[in-house]
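Residue-level listing of the chains:
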Amino acid sequence: MNINQLKYFVVVANQESITKASNILYVSQPAVSKMIKQLEDELETKLFDRTGRTLKLNRSGKLFYSYVNDSLEELDRGINAVKGGPDKVEHPISLLMEVASPFIPAIVSTFKQKFPNVRLNIAQHNVRETDFKQFDFIITTKPLEGLTNVPVLKEEILVGWNINYGYSKQFVKPKDLRGEKIIGLSKNNPLRLTIDNYFNKRDITLDYMYEADDPATVRGLIEAGIGLSFIPSVTWQTIEPRVQLARLSPDPLQRTIYLSSPYGVLNGIKREISNELIMIFLDFQNFELKI
């Protein structure tokens, strides 16, 4: 079985005529008939019901057509992608970063190097009221319904404070944080939701004395010794050395980050971009903060 047999089969199926198919394919009618017969012989089944000069797909033919047509379309997309399309055409790509904003410089640098013709638009933080399908890719901590969700990173969330804050533990029990001054992100932030869900399951209410909607502000307050907070061990790698870290025990607090996309099957440059984004997150997984 070869590509020409499949292409001839699709054209004959669409035209329901050897004569019309031969005109479209610019080959003789006997050549088309021979190709269809070879294909049927190889499959050991008839694909058409013949009435005079009209050929109509039978049950087996319709089933086979559904697979062949999809395969040829996918092959054409692959050929077009390889023939310089991604390098010659400007591609607008939209990326929503609900989490992992410190990774943005690495992502942009990768795009600049490997996808110079991509015009990248990045939205940040929480936009839960937004239709996610308007984005090509979403970085999130919650699998999104109706989208393809690929886990790309799993990280532990640690407790952190300035070494001069007066708190000294290597392991912290959740109940130990009752009454402590907590620095946190705003209530609807995905990281804040993950943290609150962890403590709510243990009937613990944290005392958030200071809240901000910017992770950089929270990091600054921790480093200034204002209070205790929570530090993702992979995505917050820029934390200062003077910050003491501890693990929640006996049940560590963890989260999974997903790369989500509204496309069931990614094609062409979007498939390349998806692969690169996955690799970026996998690479960062190797630089987890150590206690």
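Residue indices follow the written sequence of each chain, beginning from 1 at its first position. Local features in this predicted model are restricted to residues whose pLDDT is 70 or higher, and side-chain atom pairs enter the listing and the counts only when it is 80 or higher, whereas totals over whole chains, interfaces and linings include all residues. With hydrogens and water excluded, all non-hydrogen atoms of the structure serve as input to the side-chain values.

(A) Molecular detail of the domain arrangement of the protein. Here the limits of each domain have been adopted from an automatic or database domain assignment. Assigned domains of the protein: these are domain 1 (1-81), domain 2 (89-149 + 254-284) and domain 3 (154-253). Summarising the inter-unit geometry, the C-alpha centres of domain 1 and domain 3 are found 63 Å apart.

(B) Seen up close, helix α2 (residues 18-25). Listed as buried for α2 are I18, A21 and S22. With its buried residues spanning 100 degrees around the axis, α2 presents them on a single face. Buried residues along α2 sit in contact with α1 (3-15), α3 (29-43) and β2 (54-57). Any N or O atom pair separated by 3.5 Å or less is treated as a polar contact, with the protein-specific requirement of one donor-capable and one acceptor-capable atom, and with residues adjacent in sequence counted only for side-chain atom pairs. The helix count covers DSSP runs of H or I at least four residues long, the strand count covers runs of E at least two residues long, and both are numbered beginning at the N terminus. Among the residues of α2, the N-terminal cap falls to S17, whose side-chain oxygen and the backbone nitrogen of T19 are separated by 3.2 Å. Looking one or two places after α2, you find Y26, whose phi comes out positive at around 60 degrees. Residue burial is assigned from relative accessible area. The probe radius is 1.4 Å, only protein chains are included, and a residue is buried under 20% of its type maximum, exposed over 50%, and partly exposed in between. Think of the arc as the fan of directions from the helix axis to the C-beta atoms. Throughout, a contact is declared for two residues whenever any of their heavy atoms are within 4.5 Å.

(C) Summary view of the side chain of T110. Relative to the assigned elements, T110 resides in helix α6 (residues 104-114). A residue is classified by how much of its surface remains accessible, and T110, at 15% relative accessible area, is buried. Contact partners of T110, with chain neighbours within four places excluded, come to F115, E276 and I280.

(D) Inspection of the UniProt feature "domain: HTH lysR-type" (unreviewed entry) in the protein at higher detail. UniProt positions are given in the numbering used here, feature names are shortened, and annotations may be inferred rather than shown by experiment. On the UniProt side, "domain: HTH lysR-type" (unreviewed entry) is annotated at positions that read residues 1-58 here. End C-alpha atoms of residues 1-58 are separated by 20 Å, and the span's content is 62% helix alongside 14% strand.

(E) Geometry of the confidence of the model for the protein. Overall, the predicted model of the protein reaches an average pLDDT of 86, with 92% of residues at or above 70. Confidence scores differ between elements of the protein, with helix α5 (residues 85-88) showing the lowest mean pLDDT of 52 and strand β12 (residues 253-261) the highest of 95. The predictor rates its confidence in each residue with pLDDT, a number between 0 and 100.

(F) Inspection of unusual backbone geometry at higher detail. Going from S249 to P250, the amide bond is cis rather than trans, its omega being 10 degrees. Tracing the sequence through the fold places P250 in the loop between β11 (243-248) and β12. Although it is not a glycine, E16 adopts a positive phi angle of roughly 55 degrees. Relative to the helices and strands, E16 resides in the loop between α1 and α2. Accessibility expressed as a relative area gives 30% for E16, which makes it partly exposed. In this model, Y26 sits at a positive phi of 60 degrees, which is unusual for a non-glycine residue. By secondary structure assignment, the location of Y26 is in the loop between α2 and α3. Classification of Y26 by relative accessible area gives exposed; the value is 75%.

(G) Looking closely at the nonpolar core. Each nonpolar core is a collection of buried residues, namely Ala, Val, Leu, Ile, Met, Phe, Trp, Tyr and Cys, held together in the definition by side-chain atoms within 4.5 Å. Core analysis: the biggest nonpolar cluster contains 31 residues, and L177, I195, F199, L206, F230, I231 and L248 have the highest contact counts within it. Elements with a contribution of two residues or more to this core: β6 (148-162), β8 (182-185), α7 (190-200), β9 (208-212), α8 (215-223), β10 (229-232) and β11. The residues touching L206, leaving out its near neighbours within four places in the chain, are L177, I182, I195, F199 and F230.

(H) Looking closely at the packing of aromatic side chains. Note on ring pairs: Phe, Tyr and Trp rings are taken, using the six-membered ring of Trp, and paired if centres are within 6.5 Å. Classes follow the plane angle, with under 30 degrees stacked, over 60 edge-to-face and the rest tilted. For the coordinates displayed, the defined rule picks out 9 aromatic pairs. For the pair F103 and F284, a centre-to-centre distance of 3.9 Å together with 15 degrees between the ring planes defines the contact as stacked. Here the residue F103 occupies a position in the loop between β3 (91-97) and α6, and F284 occupies one in helix α9 (residues 268-284), the gap between them amounting to 181 residues. The same class applies to F103 as to F284, namely buried. With centroids separated by 4.9 Å and ring planes inclined at 85 degrees, the aromatic side chains of W161 and Y167 adopt a geometry described as edge-to-face. This pair shows no difference in class: W161 is buried, exactly as Y167 is. Aromatic ring contacts, followed pair by pair, group F9, F48, F64 and Y65 into a single cluster. Charge over a ring is defined by NZ of Lys or CZ of Arg lying within 6 Å of the ring centre and within 35 degrees of the ring normal. Residue placement shows R192 over the ring face of Y208; its charged tip is 3.5 Å from the ring centre.

(I) Broad picture of the pattern of salt bridges. Salt bridges are counted wherever a side-chain nitrogen of Lys or Arg sits within 4 Å of a carboxyl oxygen of Asp or Glu. Overall, the coordinates contain 12 salt bridges when judged by the stated rule. Across the pair E16 and K56 runs a salt bridge whose closest N-O atoms are separated by 3.0 Å. Here K56 lies in strand β2 and E16 lies in the loop between α1 and α2, a separation of 40 residues in the sequence. For the salt bridge of K37 with D41, the shortest nitrogen-to-oxygen distance reads 2.9 Å. Taken together, the positions of K37 and D41, both in helix α3 and 4 residues apart, correspond to about one turn of that helix. With relative accessibility at 44%, the residue D41 sits in the partly exposed group.

(J) Structural detail: the packing of α1 against α3. To get an axis, a line is fitted to the C-alpha atoms, and for a helix only the part in contact is used. The angle between two axes follows their N-to-C directions and goes from 0 to 180 degrees. The contact between α1 and α3 brings their axes to 9 Å, and the two run at 110 degrees. Here α1 is positioned roughly perpendicular relative to α3, judged by the angle of their axes. Contacts from N4, Q5, L6, Y8, F9 and V12 in α1 reach A31, V32, M35, I36, Q38, L39 and E42 in α3. Counted by class, the contact of α1 with α3 contains 9 nonpolar, 3 polar and 1 charged residues. In this scheme, roughly parallel covers angles under 35 degrees and roughly antiparallel covers those over 145, while 65 to 115 is roughly perpendicular and the rest are oblique. Gly falls in the polar group here, along with every residue not listed as nonpolar (Ala, Val, Leu, Ile, Met, Phe, Trp, Tyr, Cys, Pro) or charged (Asp, Glu, Lys, Arg).

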